[in-house]
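Here's the letter readout for the chains.
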Amino acid sequence: MEFSRRPRQAGERRELYPHSLQFYQEPPTESISLAEFESLAIDRLRLLKVVENLGVSYVRSDDMYKSKLQQELRKLKFPYKALVEDDFDARRKDHISHFILRLAYCQSEELRRWFLQQEMDLFRYRFNELTDSLRQKFLDHVNLQFEAISEDLKNECANDLCASTPGFSMNKVKEQMFYKVGLADAVELFRARRVFIKDGFAYVPLKDIDAIVLNNYRTKLSKALALTARSLPSIQSDERLQPLLTHLSHSYVGPDYSVQKNTGKISLEQIDALAGKSFPLCMRQLHKALRENHHLRHGGRMQYGLFLKGIGLTLEQALEFWKKEFIRGKVDADKFDKGYAYSIRHSYGKEGKRTDYTPYSCMKIIMSNPPSQGDYHGCPFRHCDPELLKQKLQLYKVPLSGINQILELVKGMHYQLACQKYFEFTHDIEDIGFSLNHPNQYFAESQRLLSGGREVKKEPSHLGTSQQRSSGQESMNSNSTPASSSTATDAELEGLEEYFAED
C-alpha cells in the first residue's frame, strides 16, 4: 500500500469519494503519520466490535439495532448519512481505516473470517439505509448494472411478479422496488425459482437485491484479503508497521486495567468466594486447577497472576497466595523462593527490565499461546472441546437453553459474545449492556451488579445457589461448605462489592 500526497482540493475530494459507500477497490495513496495510522485503525476496530455485539444481541432489521449502530457511527465520525456534501473527512477515515485493518486482519484464516463478517454486516446496514436514488447511484458507481424498473413496467408485470416472488402479495409488489438484473448475478434466485424472468433478465425485489450486492462485495473482499496476505512478507519487513499491525490484530480497546486502583482492597480469604461469584470462566478454570493441583504452568501463572494483580492483589499478597498453594503440592518453600518468587516480582515490575505487566485482554488470551496438554490457561470458549465446555457450563448450573445459546456462539467463533452470554446466565440478567473485552472488566462489572449497580430480573432465579458457591467447592474437597453460607464471608464481600460499585 503506497502513501503519497494528501488531496486537498474540493474537486479531488469529490473524485476520490463520490459516494459515502464503497467496495474499497482502490487503496489510499496519501501520507499519514503512524499516530494517525493507529488512531484510525482503533476507531474502526471499536466500530466492528460494536457491529459484532449488536449482530448477536438484536435482529439486524430491528430499529434498536439500527439506532445503536448509527449512534456509534456518529460518535466515531464514520459516514452515517447516505450523501452529505461536506463529509469528506468521514469518508476518508472510512476508506483508510478499512485498508489498515485489512492489513492487520489478513494474517490468519481466523482473523480474515472475523473481519469479513463484521465488514459485511456494516456494509449491509449502510446499503439498506440508502434512499432509492442514492442506491441506484451507488450501483452505478460500483459498475453493477442493476436498473430499477419503472412503475409502468412494474404494473404491467404485477401478476407475474406476485406469482414468482415468494411471500409477496399484490400490495407488497406495488410497495416494493424491483431491479432488472442479469441472470448471471441472480443465478441462486433462479435455481430456487424465487424470481420472475423476462427477456433474459431477472426482476429482483429490493429485499433480494441487497443479498446480490452483498455477495458481490463478499467475493471482492475475500479475494482482496487473500491477495493482501500474500504481500505480508514485504510489509513485515517494515519495522515501523509490523508491530502496529500485530498489535491491532490482538488489540484491546477498553479501559486500562494496569492501574490497580483496587490495590489492597481484597484479602486472600476472599478469593475463593470471589472466584465463584465474579470470575470469568477462564479465571474460574485456572483457580479451580490451582486449588486441585497446587500448581500451574507458566502460561497459567501469567494469565491468572496478572488477573489477580488487576483486581487488587499487592505484590506481597501475590507472593503469599502462590507460595501457600504451591507448598501444598510438590514445591517446598525454598524451591518456591528460588524458582517462582522472581517471576512474580518480575510481573509486578520489580525485577529485570522493571516492566509493569498488564492483565491479559480477551483478544490476547484468545489469539496467543494456545494451551497444550496439562495447561489450564487460554479461553474455554475458544480452546475447550465443545463437549467439555458443555460439562463445565452444566457444573456451574447454566440452564440447557443457555448452554445451547453459548455453544451456538462458540460454533460461530464469537468467543467474547459467548462469555457475555455466560455472564448473563450466571448473573441472571437479560442484557449486560456492554461489550465484554477483558477478564478484569468481567470482574468489575460483576461486582457492580452484585452491589446493586444494575437491575436484576425480578422473577425467581434458578441460579441463586450456584452464584454464591465458592471455588473451594470446585476443588478436590467436593464436600466442603460453600463460602457464601458463612455470614462473616458474606459481610466481607458485601463491603468489597460496594467498593467496586464506586467510579
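Owing to the predicted nature of the structure, the values given are computational and were not obtained by experimental measurement. (Residues numbered from 1 in each chain as written. Predicted model: local features only at pLDDT ≥ 70, side-chain atom pairs only at ≥ 80, totals over all residues. Heavy atoms only, no water.)

As a packed pair, helix α5 (residues 109-128) and helix α11 (residues 206-230) sit with axes 10 Å apart at the nearest point and diverge in direction by 145°. Note that α5 runs across α11; the crossing there is right-handed. Taken together, the residues of α11 that come into contact with α5 (itself represented by R112, F115, L116, Q117, E119, M120, F123, R124, F127 and N128) are I209, D210, V213, L214, Y217, R218, L221, S222, L225 and A229. Classifying every residue of the contact of α5 with α11 gives twelve nonpolar, three polar and five charged. (Axes fitted to C-alpha atoms, helices over the stretch in contact; angles between N-to-C directions. Helix = DSSP H or I, 4+ residues; strand = E, 2+ residues; numbered from the N terminus. Left-handed = near helix turned anticlockwise from the far one by under 90°. Contact = heavy atoms within 4.5 Å. Nonpolar A, V, L, I, M, F, W, Y, C, P; charged D, E, K, R; others polar.)

Here the focus is the UniProt feature "binding site: [4Fe-4S] cluster" (unreviewed entry) in the chain. Per the UniProt annotation, the sites labelled "binding site: [4Fe-4S] cluster" (unreviewed entry) are C282, C362, C379 and C419. A maximum C-alpha distance of 9.8 Å among these annotated residues, which run over 138 residues, shows that they cluster at one spot. Narrowing the list just given to those that line the second largest cavity leaves C282, C362, C379 and C419. Residue classification places C282 among the buried positions, given a relative accessible area of 9%. Dropping the residues within four chain positions of it, C282 is found in contact with Q303, G378, P380 and P439. Counting through the fold element by element, C362 comes out in helix α20 (residues 362-367). Overall, C362 belongs to the buried group, its relative accessible area being 11%. Residues within four places of C362 in sequence aside, it is in contact with Q416, N437, H438 and P439. (UniProt positions renumbered as here; feature names shortened; annotations may be inferred. 1 Å grid on protein atoms, 1.4 Å probe; cavity = no way out; pocket = protein on both sides within 12 Å on 5 of 7 lines; lining within 4 Å. Buried < 20%, exposed > 50% of the residue type's maximum accessible area, 1.4 Å probe, protein only.)

Counted under the stated rule, the structure contains five cavities of 30 Å³ or more. By volume, the largest cavity amounts to about 170 Å³. Lining the largest cavity are 15 residues, and of these R301, G305, W322, I344 and S347 lie nearest its centre. At the level of secondary structure, the elements contributing two or more residues to the lining of the largest cavity comprise α16 (298-311), α17 (315-326) and α19 (341-347). (Points joined across faces, edges and corners; volume = space filled by probe spheres on them.)

So, on to the layout of surface pockets. A volume near 400 Å³ is recorded for the second largest pocket. Lining the second largest pocket are 22 residues, and of these L16, Q22, Q25, E26 and H141 lie nearest its centre. Among the elements of the structure, α1 (10-16) and α4 (88-104) are those that each provide at least two residues to the lining of the second largest pocket. Residue composition of the lining of the second largest pocket, grouped by class: eleven nonpolar, seven polar and four charged.

So, about helix α3 (residues 63-75). Between its first and last C-alpha, α3 extends 18 Å over 13 residues, near the 18 Å set by a 1.5 Å rise per residue. Where α3 is concerned, the buried positions are Y65, L69, E72 and L73. For α3, the arc enclosing every buried residue in end-on projection is 100°, short of the 170-degree limit, so these residues lie on one face. For α3, the exposed residues lying more than 90 degrees away from the buried face are D63, Q71 and K75. Capping the start of α3 is the job of one residue whose side-chain oxygen sits 2.9 Å from the backbone nitrogen of M64: D62. With its phi angle positive at about 65°, K77 sits one or two positions after the end of α3. (Expected span 1.5 Å × (residues − 1). Arc of directions from axis to C-beta. Polar contact = N/O pair within 3.5 Å; in protein donor to acceptor, adjacent residues only side chain to side chain.)

On to the packing of aromatic side chains, then. Counted under the stated rule, the structure contains 28 aromatic pairs. Summarising the aromatic geometry, the rings of F123 and Y217 are spaced 4.5 Å apart at their centres and angled 25° between planes, so their arrangement reads as stacked. One end of the pair, F123, is in helix α5; the other, Y217, is in helix α11, with 94 residues separating them in the sequence. The pair formed by F123 and Y217 is uniform in burial state, with each residue classed as buried. Between Y304 and F307, the ring centres sit 6.4 Å apart and the planes meet at 15°, which makes this aromatic pair stacked. Here the residue Y304 and the residue F307 both occupy positions in helix α16, the gap between them amounting to three residues, near one helical turn. Pair check on accessibility: Y304 and F307 agree, each one buried. Through successive ring pairs, a cluster of aromatic residues spans F279, Y304, F307, F321, W322, F326, F336, Y340 and F443. (Phe/Tyr/Trp six-rings, centres within 6.5 Å; stacked < 30°, edge-to-face > 60°.)

A few words now on the environment of V181. Structurally, V181 is set in strand β2 (residues 178-182). Here the alpha-carbon distance between V181 and I197, two residues 16 residues apart in the chain, equals 9.5 Å. Contact partners of V181, with chain neighbours within four places excluded, come to F146, A186, F201, A202, V204, I209 and I212.

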